Amino acid sequence: MMTISQILKFRKYVIVCMENKIQSFIAQNHLLEPQSKVLVGLSGGADSVALALILKSLNYNIIAAHCNFHLRGDESFRDESFVRRFCEKEQIELHVTDFQTTNYAKEHKISIEMAARELRYAYFRKLMESMCIPTLAVAHHQDDQVETLLINLVRGTGIHGLRGMLPQNGDIIRPFLCVSKTEILNYLQSRHQEYVVDSTNLSNEYKRNKIRSEVVPILKELNPSVISTLCQSMTRFREVELLYQERVHEICRNIILDDKFELGKTSLLMKRTEATIRFPGANTVWYEILCSYGFNETQVADFLNLSLSLSGKIFYSDQWNLLVDRDTVRITPIILDESKFVYINKSDEYVVFDDVKININLYSKNDYQIIEKESSIALLDFEKLHFPLVLRRVKNGDKFVPFGMKGKKLVSDYLTDQKVSLWDKKKQLVLCSADGEIIWLVGRRISALYALHVSTNKIFRLKML
């Protein structure tokens, strides 16, 4: 049995070893400069608490950020309370915010997990920008790496999915990728440091939890060191990926006729011959080229299966055209005609604008009892409309009065708030009155000026298909 003195020495040894290991990993991967400012996402769980303690012990200038997602009732408030007490004790600057995550997920039609992620990182970015913090540290560790690898394998993955998470991805760093969950818990135990446990981590409802609680234990029966073994393999896969990318780029130079090219960003002119389409590994190389422009696996396969004598076939991604033109292939951006417009008259039953079709109906208020709330449907007060209506693409400076809000808002600002991509912003359609006032941001929200009212007699209904 160890004496009290020996126990204390052992605990100190665990603490020093862990902190030295993290410091070496940070230096080896050039993650942080000495005493640099870094934001730490602090949930209150074991991983983030350990990360905050170690970075503080290593004399980095840390600022903590905590998000209350209001997803777990009293547990959410318990976590926030714990984080506040922890930061007060450790004298760590703390910033806290809260989100109505469920409402956000429903509004954006995404999962709760994705909603929490988007909200969390948007808040972190805002803090980093306002406080001039160059780096965000997150607490992903080796166990997380293995779970990510297994999830990717189950889904189906290329070499990118085999390399796991990187120690640094832009301004996000992961100093704990060199340690396991067991090491983290031993460190906290040695420091007598408490932490909170998220009850959802104990449920097998989520795929990652199921892998953690059921799959990984079986793998450990086969190999007790499976975590470190797989992490070593992922390190080798990262090196293999670098060689792979270098070789793919080298082959691309023999296929692509442009002197300077950035895959996914610049137009391309490529050779289409037996030598460039049928060589060993061609599927992989063309997949790397075309997928970077948004073409999917099915489209890549269809393209490669085309006869070399076929010409004139066109494939479309969201932003690019791929034209098969005899012995060449051209990838060019899709250019939108911003001057295009379509009139809508009172008697029209439908209208078509590019690939968007809108059905049109006129109802009396008495015949239309159900108020539909889908974003694809616009219910308008017919008597407020000035015909012909005009359907066109959004323009710079367009403003409207979003239903449920007060005052006019730039359409561009509204779309930004809704996390709409740049490409979807360019494609956005607006329905305007004959006097130019925007009636409907098509597929998203109507203007409050044309909404139904108790005095409405006729309902002009439009549905985007």
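Quick notes on the rules
- Residues numbered from 1 in each chain as written.
- Predicted model: local features only at pLDDT ≥ 70, side-chain atom pairs only at ≥ 80, totals over all residues.
- Heavy atoms only, no water.
- Helix = DSSP H or I, 4+ residues; strand = E, 2+ residues; numbered from the N terminus.
- Buried < 20%, exposed > 50% of the residue type's maximum accessible area, 1.4 Å probe, protein only.
- Contact = heavy atoms within 4.5 Å.
- Areas by Shrake-Rupley, 256 points an atom, 1.4 Å probe, with all protein chains shown as cover.
- Lys, Arg positive; Asp, Glu negative; His and termini not counted.
- Charge placed at Lys NZ, Arg CZ, Asp CG, Glu CD.
- Patch = residues over 30% accessible without salt bridge, like charges linked within 9 Å, V, L, I, M, F, W, Y side chains within 5 Å.
- Salt bridge = Lys/Arg side-chain N within 4 Å of Asp/Glu carboxyl O.
- Pairing = 2+ DSSP bridges.
- Phe/Tyr/Trp six-rings, centres within 6.5 Å; stacked < 30°, edge-to-face > 60°.
- Axes fitted to C-alpha atoms, helices over the stretch in contact; angles between N-to-C directions.
- Parallel < 35°, antiparallel > 145°, perpendicular 65-115°, else oblique.
- Left-handed = near helix turned anticlockwise from the far one by under 90°.
- Nonpolar A, V, L, I, M, F, W, Y, C, P; charged D, E, K, R; others polar.
- Arc of directions from axis to C-beta.
- Core = buried A, V, L, I, M, F, W, Y, C linked by side-chain atoms within 4.5 Å.

Draft legend 1. Region of the structure containing the overall build of the protein. Helix and strand content of the protein: 15 helices and 21 strands. For the protein, the C-alpha atoms occupy an extent of roughly 90 × 65 × 40 Å along the three principal directions. In the protein, which comprises 465 residues, the proportion classed as buried is 42%. For the protein, the share of sequence-separated contacts (at least 6 apart) that also reach a separation of at least 24 residues comes to 67%. Within the structure as shown, the protein displays about 26000 Å² of accessible surface, and the carbon and sulfur contribution to it stands at 51%. The centroid of the 61 positive side-chain charges in the protein is displaced by 1 Å from the centroid of its 56 negative side-chain charges.

Draft legend 2. Seen up close, a nonpolar patch on the surface. On the surface, Met2, Phe10 and Tyr13 cluster together into a nonpolar patch covering about 350 Å² of accessible area. Along the chain, the position of Phe10 falls in helix H1 (residues 4-28). The class for Phe10 is partly exposed, based on a relative accessible area of 48%.

Draft legend 3. Main features of the pairing of strand S21 (residues 458-464). Direction of pairing for strand S13 (residues 356-364) relative to S21: antiparallel, over a ladder of seven bridges. Bridge assignment links Ser364 to a residue of S21, and that residue is Lys458. Examined bridge by bridge, strand S14 (residues 377-381) and S21 share five bridges and lie antiparallel to one another. Of the residues in S21, the one forming a bridge with Leu379 is Arg461.

Draft legend 4. A look at the packing of aromatic side chains. Scanning the entire structure with this criterion turns up twelve aromatic pairs. Summarising the aromatic geometry, the rings of Phe69 and Phe99 are spaced 5.9 Å apart at their centres and angled 25° between planes, so their arrangement reads as stacked. Residue Phe69 is found in the loop between strand S2 (61-68) and helix H3 (74-90), and its partner Phe99 is found in the loop between strand S3 (93-98) and helix H4 (101-108); the two are separated by 30 residues along the sequence. Relative accessible area serves as the criterion here: at 15%, Phe69 is assigned to the buried category. Taking relative accessible area as the criterion, Phe99 reaches 15% and is therefore assigned buried. Between Phe99 and Tyr123, the ring centres sit 6.3 Å apart and the planes meet at 80°, which makes this aromatic pair edge-to-face. Of this pair, Phe99 sits in the loop between S3 and H4 while Tyr123 sits in helix H5 (residues 112-130); the two residues are 24 residues apart in sequence, bridging distant segments of the chain.

Draft legend 5. Quick peek at the sheet that holds S13. The strand order across the open sheet formed by four strands is S12-S13-S21-S14, and the pairing between neighbours is antiparallel. At either end of the open sheet lies a strand with only one pairing partner, and these are strand S12 (350-353) and S14. Neighbouring strand axes in the sheet, compared pairwise and without regard to direction, differ in orientation by 20° on average.

Draft legend 6. Seen up close, the sheet that holds strand S9 (residues 320-325). Pairing within the open sheet is antiparallel, and its four strands lie in the order S7-S10-S9-S8. Each end of this open sheet is capped by a strand with a single partner; those strands are strand S7 (268-271) and strand S8 (314-316). The sheet shows a mean angle of 15° between the axes of neighbouring strands, direction not considered. Both S9 and strand S10 (residues 328-333) contribute to a ladder of six bridges, which runs antiparallel. If you follow Leu322 over to S10, its bridge partner there is Ile331. Along the sheet, helix H12 (residues 282-291) contacts S7, S9 and S10; its crossing angle with S7, the most-contacted strand, is approximately 165°. Of the strands in this sheet, S8, S9 and S10 are in contact with helix H13 (residues 297-304), which crosses S8 at around 170°.

Draft legend 7. How the structure looks around the packing of helix H2 (residues 46-57) against H3. Taken N-terminus to C-terminus, the directions of H2 and H3 make an angle of 10°; their axes are 12 Å apart at the nearest point. Here H2 is positioned roughly parallel relative to H3, judged by the angle of their axes. The chirality of how H2 crosses H3 is right-handed. The segment H2 lies against H3, with Val49, Ala52, Leu53 and Lys56 engaging Phe82, Phe86 and Glu90. When its residues are assigned to classes, the contact of H2 with H3 shows five nonpolar, no polar and two charged.

Draft legend 8. Up close: H4. Of the residues making up H4, those classed as buried are Thr101, Tyr104, Ala105 and His108. Angularly, the buried residues of H4 cover 100° about the axis, an arc narrow enough to put them on a single face. Its buried side turned inward, H4 meets H5 and helix H14 (411-417). Phi for Lys109, located one or two positions after H4, is positive at around 55°.

Draft legend 9. Summary view of the pattern of salt bridges. Following the criterion strictly, the structure yields 23 salt bridges and no others. Of the charged contacts in the structure, one is a salt bridge between Glu262 and Lys265, with a shortest N-O distance of 3.8 Å. Taking the relative accessible area as the measure of exposure, Glu262 reaches 45% and is therefore partly exposed. Residue Asp325 is joined to Arg326 by a salt bridge in which the shortest nitrogen-to-oxygen separation is 3.5 Å. According to the relative accessible area criterion, Arg326 is exposed, its value standing at 59%.

Draft legend 10. Molecular detail of the environment of Gly436. Structurally, the position occupied by Gly436 is in the loop between strand S18 (429-432) and strand S19 (438-441). Judged by relative accessible area, Gly436 falls into the partly exposed class, the value being 44%. For the pair Gly436 and Val390, spaced 46 residues apart in sequence, the C-alpha to C-alpha distance is 8.1 Å.

Draft legend 11. Structural detail: the nonpolar core. Within the largest apolar cluster, 39 residues are counted, with the highest numbers of intra-cluster contacts made by Leu55, Phe86 and Phe176. Looking at this core, the elements with two or more residues in it are H1, strand S1 (37-41), H2, S2, H3 and helix H8 (181-190). Ranked by residues supplied to this core, first place goes to H2 with eight residues. In this structure Phe86 touches Leu42, Val49, Ala52, Leu53, Ile92 and Gln193, once residues within four positions along its chain are discounted. If you look at the next biggest cluster of nonpolar residues, it comprises 27 residues, including Val248, Phe261, Met270 and Phe315.

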